[in-house]
Structures are given as structure tokens and as C-alpha cells.
Amino acid sequence: MSDWEDSDDLGSCQQHELIQSTANKTNWEFGSMGTEDELPENTHLEDDGMSSRGRGRGRGRSRGFGRGQGRGRGGQSGSCFKCGKEGHLSRDCSDDSQIKENQEGQPRNPLYIPSDIEDSEIACMRIEAGINFDSCGNIPVNVSGDGIIPSRVNSFEEMTIQNILLENIQKAKYNKPTPIQSAAVPILISGRDIMGCAQTGSGKTVAYLLPILNYICKENCSSHSMEETSKPTGLVLCPTRELALQIYFEARKLSFGSTLLNKVVYGGTAVFHQLKQIQDGCHLLVGTIGRVVDFMNRGNLLFDDLKFIVLDEADKMLSMGFLTDLKKIFHHSSMPPPDQRQTLMFSATFPSEVQSLATNFMNNYVFVVVGTVGAANTDVSQEIVEVNKGKKKDILYEHIGELLSAEDGMKILVFVETKKMADFIGAFLCNNQISATTIHGDRHQQQREEALKTFRNGKFDVLVATAVAARGLDIPGIGCVINFDLPKEVDEYVHRIGRTGRVGNCGRAISFFDRGVDSHLSKDLVKILAEANQVVPEWLKAAADESGYAQGYSGSGTYASTDIRKKRSIQTESNWEGSSVGGPAAFRSTIAVDEDDDWDA
């Protein structure tokens, strides 16, 4: 099971118990149709009277066609969903001794209905700009693409966006746009596709949300409220549930006081609940791929009105495991052709093979790369420590103890490679009087959200995580990232350490290097450290020299990625002088440029 998106995100059926948040009481009566996954294979749940074709005995309460399962005598084969016996409903069952298993023989996950979050709580979900934020203006930006490319802007006011969005930007205390925002927003408002590459923590989410929300406000797009089929104007796809929630909260933050309806769908939560949410009206839909494909296959989601489709963390989305479902979405009969929609892809890294795949979905896109030396955030101090596997947990304990004693309130994020190791390290730390929690793909969705919430709020000092937390998450106050296990790919290393040192804040990253396991990364780590002006240990240089592995890091010089297309219309900050036949229009201000770096096609 992938830790990026669990099996239930892919639309497969697992049976669940109901966990209902007290903040979200509903009048749903489950009977034998208590969950989405109680149905036979290939049968879809239809809630709230939507065409429910039942298999239970007796007439259902659903207003659908034929006999529903709402009040059937026991769902499948007339038996209680909970204990398997006949003669009563699961909600009346008193047998707590048996736990239903899923098709893999594992205990089924609880069915989770998330509680509503107030706007006031969402408004507090932000990271204050750090002392190095003003230096972001000195970061070089490279652009490639055909046609007229709009210039960068210095302020949000220059972006010609709706007043309600400007007011919310001010409320969020976004004082000035980051480099990716100043370059990408004008390009997107002009109607172009974009492939945006910028370091972690650089504001990519706002860079694509602003143009989408601005279009919806300006064009007064329909939300298709109270319709059985949702037809959003914007669709944002992302690889993890946690990132989907974060993007959704950011969209809500930008939409305060407006009629914009932003919705989120992701696995691990009740299908009927999310269906009802999007059927109440949806302008912008944020979701994990599996749940979006599931709703699309059910016929509850169509793309007839779609104007924007976004792939956040696009390098991961286009890698193994997601491409098949992405093709289902892009090739759906209701999906507008590339020239009738805008396709947006954003990430901190864009390897060449990923760019090759991306071109199949895009139309004459603009490639925007925001530079930072070595692609790893230069606000992050990187340290590679050689540690034998057997001593890792003791060294981890020492480092965490030193960090917590040096700074009150510091949050530490520890990355491990497997789910079992996450639980082991979490228990080890707790047993040694260090408050820690864990997040990984085997935890129930309610547990995952609770772990993030309590870590954000400071209840726990340490969050032990697998790759599920490596992408995109903004958690205020993370002072240090520790790679207990280094990832298999160096691009993932860049994403992991980017959880600290965000929005101009300083951070620290400590990585444990085991020669017997991590030698394939040695050459790449030397390159990243050297280009980020970090100390490269002599032992790491020696390990790189001895390694038989080739360097696989896709960054080049100042930039994390380079445009694979033929070198044409390449512009740097030093020549943002556009013309009517191609290239960007004149840039409106002077920004420092590393003139020694040209585009490496």
C-alpha cells in the first residue's frame, strides 16, 4: 500500500465503522447501509435518496429506484454488518467481540466525518515571514516559452485581481508577492498554461489559487448548487490527503466574505458526506486523485465547466502510481481540450522525464523556474552525519534532546522510510520522555488529522512521519528536520528539508547517512551541499568518489530544474525586455541577477 495515497483513495471498497464528529451531527440513518464500503464489489453508494439499488431484504428508506438498503434486514445476505448474524441491524448489534476485516484481512478503518473548521481558526494557519523574506527579491527567475509573456509585478495591487481577494490577502498579512507569485500570477491571468518550479516554502499555492479564484469571481461562475452532478470551474489535484486539506484551507482563507464555494475530497472520509458537500455547490474542488476518480466514475463529478486544472507536487503526481488515474481524468469525455482550459503544474523539482510526461497534458506552456542555489532552500542549514544503522535511534535521541533544551517550543519533524519504523521511533521517543506523535498511511484519517493538529498546536514536540508529510505541508515553527532514514531519491531529500526554513525563516536539517544503504545518494548530496554553500564532510566526498552510482540530481547551477524543450525565447531577469512577437513584456523593476548563469537547455 502506497504511503502517498492509501488504497481507499483509489475507490476500492473497505468496510468501516462510523465515527461521527460532534461538530457535524447529521440525520443520516445507516441501518444495513451504514458505510460506503458495505456494498458488494463494483457497487457504488448513493446517499440521500440518489438512485439507491439495494440488496437488503425489505424496502429501503432511500428515494431512489427499486429497493434500497436503508432499512433492509441486514445488508449482505440478510446478515448484520457488524457481527454477521441475522435478525437485527448493525446499529442494534450488541456484539462488540468481532471486528470486521477488509479484503486484505486487516481490521477495517473507521468511517470518518471531519468536523467543520471555523474561519477564525483557518486565519491562524500561516507561517510568519522570516528575517530573510526581503532577500527573496534577489532570487533570479528564468522563463521560457513562445509568445508574449506578461511581466512580473512588484505588488498584489498590480495583479488586477478582485477587491475581495486583495482584502483577504491583506488580512492574511501577505505584504508582497514572492518571486513565484509575482511571475506566475500575471502569466496565469493572461490565460497561459504554466509549469512552475520554485523552492519549497516559496508560496506556490497562492500563486495558482489567486488567478483561479479571481476568474471565478470576475466571471460569476456557477457553482451548480443542489445539482446531483458537480461541475467545478477549478480542480486542484495533489498526492496526499494532508496537502489537499492545506490547499483547501488556503483557498478558504483567500475567499473570506465572498460567495466562492471551495470544497475538498479525499480518502479515509465518508463518501456520502463529501458527495453532499460538493452537491451543495462547488466552484473550486481540491482532492486526492483516487477520490476524484471515484466520484468521476460514479457520475457525480464532470468537467464540462472546467477552466483550470492544477497538479500540485506535479513531479510526484506524474511518477509511478498516479499516471494511470491522471490519464483517466485528462481523457474523460467531459474534460475540455487543452486549448479550452488552463493546465497548471507546480513543484520544487521537475526532472526531465517528468517534464516529458507533462507536455502531453499541456498547451504551449510557459516554464517558470525560481532560482535558489542547489535547489535546496539556502535558509536551511544542512548537516549530514555518518551513522551506523544500529546506533541511529540513540543518536536521534541525543540530537532531539539538545535541540529541545536549546530552544523552547521548537518543533522537530523526523522522517523515516517505513510505517513500522514511524511507530517504533514514536514509541521509543515517548518511552524516553519526549512528547512525540506519528503520521503515516496506516493511521486512520481521523488519527492523521489529529496528529497534525496537535503537532501544530504544540502539544507534541516531535512528529515522526513517512513520505506522506514530505510534500507541501506548512507547519509553523518547525525548527529542524531530521532524516532518520534518507529517501531513495535525492529530489525527495529537497522536499523533506523544505518543511523547515519556509517564507524566509531559518531552519536546520540533520540527515543520518548509512554507507551500507545510502551510498547511491552520496554524489547528489555533495552537489547539493556545495551549491548551497554548506560544509561538505570529507568522509562524504570520499564516499562519493568510491560510489559506483551516477549522479542523478536534476538541478543545474542556480536552478532546481531546466526546461527540456529546445532552447528558445529564454529570458533572464537581465533581459526581461519583451516585444510584440515574443518574449515577456518589459519588467517593471530592477532585481539582482546572477548573470553568470544562463539557461541550461
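Residues numbered from 1 in each chain as written. Predicted model: local features only at pLDDT ≥ 70, side-chain atom pairs only at ≥ 80, totals over all residues. Heavy atoms only, no water.

1. What about the pairing of strand 3 (residues 141-144)?
- Residues Val141 and Val143 point to one face of strand 3 and Asn142 and Ser144 to the other, with burial holding for every one of them.
- Pairing between strand 3 and strand 11 (residues 366-370): four bridges, direction antiparallel. Its bridge partner lying in strand 11, valine 141 is registered against valine 370. (Buried < 20%, exposed > 50% of the residue type's maximum accessible area, 1.4 Å probe, protein only. Helix = DSSP H or I, 4+ residues; strand = E, 2+ residues; numbered from the N terminus. Pairing = 2+ DSSP bridges.)

2. What about the sheet that holds strand 15 (residues 462-465)?
- Taken together, six strands build an open sheet; the order of strands is 12-17-16-13-15-14 and the sheet is parallel. What marks the edges here is a single partner per strand, and that holds for strand 12 (380-386) and strand 14 (436-439). Taking each pair of neighbouring strands and ignoring which way they run, the sheet shows an average axis angle of 20 degrees.
- Across five bridges, the pairing between strand 13 (residues 411-415) and strand 16 (residues 478-483) is parallel. If you follow isoleucine 412 over to strand 16, its bridge partner there is cysteine 480.
- Here helix 14 (residues 490-497) sits on the sheet and contacts strand 12, strand 13, strand 16 and strand 17 (507-513); the angle it forms with strand 16, its principal contact strand, is near 155 degrees. (Axes fitted to C-alpha atoms, helices over the stretch in contact; angles between N-to-C directions. Contact = heavy atoms within 4.5 Å.)

3. Examining unusual backbone geometry
- Despite not being glycine, methionine 226 has its phi angle at roughly 65 degrees, a positive value.
- With respect to the secondary-structure elements, methionine 226 resides in the loop between helix 4 (204-219) and strand 6 (234-238).
- The exposure class of methionine 226 is exposed, given its relative accessible area of 68%.
- You will see that glutamate 313, though not glycine, has its phi angle at about 55 degrees, which is positive.

4. A closer look at helix 3 (residues 179-189)
- The buried fraction of helix 3 is high, at ten of eleven residues.
- Considered for burial, the residues of helix 3 that qualify are Pro179, Ile180, Gln181, Ser182, Ala183, Ala184, Val185, Pro186, Ile187 and Leu188.
- Contact partners of the buried residues in helix 3: strand 3, strand 4 (148-149), strand 5 (194-197), helix 4, strand 10 (342-347) and strand 11.
- In the stretch just after helix 3, glycine 191 is the one whose phi turns positive, near 100 degrees.

5. What about the UniProt feature "domain: DEAD-box RNA helicase Q" (unreviewed entry) in the protein chain?
- UniProt records the feature "domain: DEAD-box RNA helicase Q" (unreviewed entry) at residues 154-182, using the numbering of this structure.
- Taken end to end, residues 154-182 comprises 45% helix and 0% strand; its first and last C-alpha atoms sit 7 Å apart. (UniProt positions renumbered as here; feature names shortened; annotations may be inferred.)

6. Some words on the environment of leucine 306
- Along the chain, leucine 306 turns up in the loop between helix 7 (289-298) and strand 9 (308-312).
- With a relative accessible area of 1%, leucine 306 lands in the buried category.
- Each C-alpha atom of the pair leucine 306 and serine 334 lies 9.0 Å from the other, and the pair is 28 residues apart in sequence.

7. Quick look at the nonpolar core
- Counting residues in each nonpolar core, the largest one holds 52 residues, and the members touching the most others are Tyr208, Leu210, Phe346 and Val368.
- If near-sequence neighbours (up to four positions away) are discounted, phenylalanine 346 is found in contact with Ile180, Ala184, Leu188, Ile194, Gly196, Lys204, Ala207, Tyr208, Leu311, Asp312, Glu313 and Ala314.
- Val265, Cys282, Ile309 and Ile329 belong to the second-largest nonpolar core, a separate cluster that totals 38 residues. (Core = buried A, V, L, I, M, F, W, Y, C linked by side-chain atoms within 4.5 Å.)

8. A closer look at the sheet that holds strand 6
- Sheet architecture is open: eight strands sit in the order 3-11-5-10-9-6-8-7, paired in mixed fashion. The strands lining the two open edges of the sheet, one partner per strand, are strand 3 and strand 7 (262-265). Each adjacent strand pair in this sheet contributes to an overall mean axis angle of 15 degrees, direction not counted.
- Note that strand 9 and strand 10 share five bridges and pair parallel. Across the sheet, the residue bridging to leucine 311 is methionine 345, located in strand 10.
- Strands in contact with helix 6 (residues 271-279) are strand 7 and strand 8 (284-288); relative to strand 7, the strand with the most contacts, it is inclined by about 160 degrees.

9. Some words on the pattern of salt bridges
- Here the structure, examined in full by the defined rule, presents 17 salt bridges.
- One salt bridge connects aspartate 442 with lysine 419, and the closest N-O pair in it is separated by 3.4 Å. Remark: lysine 419 occurs in helix 12 (residues 419-431) and aspartate 442 occurs in the loop between strand 14 and helix 13 (445-456); sequence separation between them is 23 residues.
- With a relative accessible area of 46%, aspartate 442 lands in the partly exposed category.
- A salt bridge links arginine 515 to glutamate 546, with the shortest nitrogen-to-oxygen separation between them at 3.6 Å. Residue arginine 515 is found in helix 15 (residues 515-518), and its partner glutamate 546 is found in helix 17 (residues 538-546); the two are separated by 31 residues along the sequence. (Salt bridge = Lys/Arg side-chain N within 4 Å of Asp/Glu carboxyl O.)

10. Things to note about the environment of lysine 204
- For lysine 204, the position within the fold is in helix 4.
- Judged by its relative accessible area of 10%, lysine 204 falls in the buried class.
- On a C-alpha basis, the gap between lysine 204 and proline 179 in space is 9.5 Å, while along the polypeptide they are 25 residues apart.
- Contact partners of lysine 204, with chain neighbours within four places excluded, come to Ile180, Ala198, Gln199, Phe346, Ser347 and Ala348.

11. A look at the packing of helix 5 (residues 241-254) against helix 13
- At a minimum axis separation of 11 Å, helix 5 and helix 13 run at an interaxial angle of 60 degrees. On the basis of the axis angle, helix 5 is oblique to helix 13. At the point where helix 5 passes helix 13, the crossing takes the right-handed sense. Contacts from Arg241, Glu242, Leu245 and Gln246 in helix 5 reach Gln445, Arg448, Glu449, Leu452 and Arg456 in helix 13.
- Classifying every residue of the contact of helix 5 with helix 13 by side-chain character gives two nonpolar, two polar and five charged. (Parallel < 35°, antiparallel > 145°, perpendicular 65-115°, else oblique. Left-handed = near helix turned anticlockwise from the far one by under 90°. Nonpolar A, V, L, I, M, F, W, Y, C, P; charged D, E, K, R; others polar.)

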